[in-house]
Every structure is written in structure tokens, then in C-alpha cells.
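Descriptive structure summary
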Amino acid sequence: MFELRSASVAAFSLVLRSADLQALGQALQERLGDTPEVFNQDPVVLDLSQLPAAPQAADDGQLSLESAAVQLDFPELMALLRRFRMQAVAVSGATAEQLAAAQAAGLAEADVPAQRAESPRVETVVKEVVREVIVEREVPVPAAPSEASRTVIIDKPLRSGQQVYAKGADLVVMALVNHGAEVIADGNIHVYAPLRGKAIAGARGNAEARIFAASLEAELIAIAGIYRTTENPLPAEVLGKPAQVRLEGEKLVMEALKL
């Protein structure tokens, strides 16, 4: 009657730094309000590891040096994300109390390694949305590459809603990547056709990864967690032309290719 199979897919991780859902909604609107097509019901893992602790009141009415984990209204947060076409599916970095509340709202626990401490970035909270994690979902992806090849090759066009993830490998696409399609790789991405969907290279944090396209028209490009959407139009010198995208510090650099 049915089969149960294991499937893995890259998902976005939303790193929350505040439990103020009104402020989060404003940040999401400012960042994504003009580009509603960026997400297409994509799965999102809520990373709670960066949430500040809530101060506790001592018996004498003064604030205690001890603190407790801040609490979130998970149903309200999930509804907020759905407004921006994101589906919260799991949490990571949660305390026992936060996890219990999340599971009561229908979320799972994601087994994600803890994020390393970093100096604060001059970015909005949504700028940290692209981080690779694994969730269970049946998707049409090719078989995992062998250790010898380390490359996944796709020779058919990818339609809107389709996603390919090259785990631990480079990804080579020989055909069109349509709007709404996603190509993700832990290594480099090569698209020998128009790239119009989303391209996420270095999904596990490889800052040396690059994206190459015969015609760069992507609606989202990302390398090692740094991304750019159609909110910031592609430069005229690379739009619709052969180009590469690389990471320089925390800035995406786009360069035309001379073929």
C-alpha cells in the first residue's frame, strides 16, 4: 500500500535573536515584502540558540543574576512565517521547556550542530536565513554521488517547485533552471543554461564555493549563508550573461565570464 523511505533535503534555518514577533514581522516585511516569490513554501528550522535569556525576579523584587529561557508563541510565529511562504517544520538549539512548547505546536526537533560564536553582523535577522540543515521529506533528487565522482549531474530542465541537493558534492546542471526551482550543493554549482531559480552553493558553510551560470538571471543566489534576492537587482554587467558568483569576506561578488 505504501513505502517509507528516507529522504534528505536542505532547508533554511531562521536564526532568531529576539522573541519579539512584531519586530520580526516588520523585519521580514522590510526584507521580503517586495519579493514574495523568494520562498515557495520552503521548510524552515527555527534556530533558538541565539535567543537572549529572560531575566528572573528574585524574592526581594530585584532582578536575579540567574535567568530563564525566553518563551515563544510558536503558533503565532508559524502563522507569521506562512505569510512569507515559509513552513516551520522543526526547532534547534531549544531548551527543554522551549522544545516542549514547540512540539505541542506540531514542530519536530532538528539535530543540528550548534552554531559557532561569531561577532555580530551588520544585517537584519533575515540575512541569516540561509543555513543548511537536514529534514525528512520525499523529494525527487538523484542518487548520492560516489566518493570518487563528488559531482552530481542533472541533464533535464528543472521546473518550479523542483529541488536538487548535491550533498558533499558539486552540482552540474546542463539545462534550464526555471523560476521557483532550487539547486543546492555543498560545493560549487555549474549551470550551463539560464539560471532563473534559486542557487545555493557551499550549503554546509564552504566559503570557497562558487556559482557559475551561462546566463545569470537567478531570483536568489547564496554562498555559505550569505545571500542576495531580487530585492537587489543583479548588476547590468552580469544580468543575462555568463557569470560567476564568489564570496569575498561577507560580500557576494559577481563577475562576467569571457567565453
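Before going into details, it helps to say that this report is about the structure given with it.

Procedures and definitions
Residues numbered from 1 in each chain as written. Predicted model: local features only at pLDDT ≥ 70, side-chain atom pairs only at ≥ 80, totals over all residues. Heavy atoms only, no water. Buried < 20%, exposed > 50% of the residue type's maximum accessible area, 1.4 Å probe, protein only. Helix = DSSP H or I, 4+ residues; strand = E, 2+ residues; numbered from the N terminus. Arc of directions from axis to C-beta. Polar contact = N/O pair within 3.5 Å; in protein donor to acceptor, adjacent residues only side chain to side chain. Pairing = 2+ DSSP bridges. Axes fitted to C-alpha atoms, helices over the stretch in contact; angles between N-to-C directions.

**Some words on helix H2 (residues 74–83)**
Among the residues making up H2, those that are buried are Phe-74, Leu-77, Met-78, Leu-80 and Leu-81. All buried residues of H2 lie within an arc of 160° about the axis, which places them on one face of the element. Set apart from the buried face of H2 by more than 90 degrees, the exposed residues are Pro-75 and Arg-83. Capping of H2 at its N-terminal end is provided by Asp-73; its side-chain oxygen lies 3.2 Å from the backbone amide nitrogen of Glu-76.

**Description of the sheet that holds strand E11 (residues 182–185)**
The strand order E9-E11-E13-E15-E16 describes an open sheet built from five strands, whose pairing is mixed. Either end of the sheet is taken by a strand with one partner, and the two such strands are strand E9 (163–166) and strand E16 (226–229). Strand-to-strand twist of the sheet, defined as the mean angle between neighbouring strand axes without regard to direction, takes the value 5°. Sheet topology note: the E9/E11 ladder contains four bridges and is parallel. Looking at E11, one finds that Tyr-165 is bridged to Ile-184.

**Observations concerning the sheet that holds strand E18 (residues 251–256)**
Ordered in space as E8-E10-E12-E14-E17-E18, the six strands form an open sheet in which the pairing is mixed. Unpaired on one side and paired on the other, strand E8 (151–154) and E18 mark the two borders of the sheet. For this sheet the average axis-to-axis angle between neighbouring strands, irrespective of direction, equals 20°. When strand E17 (residues 243–248) meets E18, the two strands line up antiparallel, connected through six bridges. In the strand pairing of E18, Val-245 is matched with Met-254.

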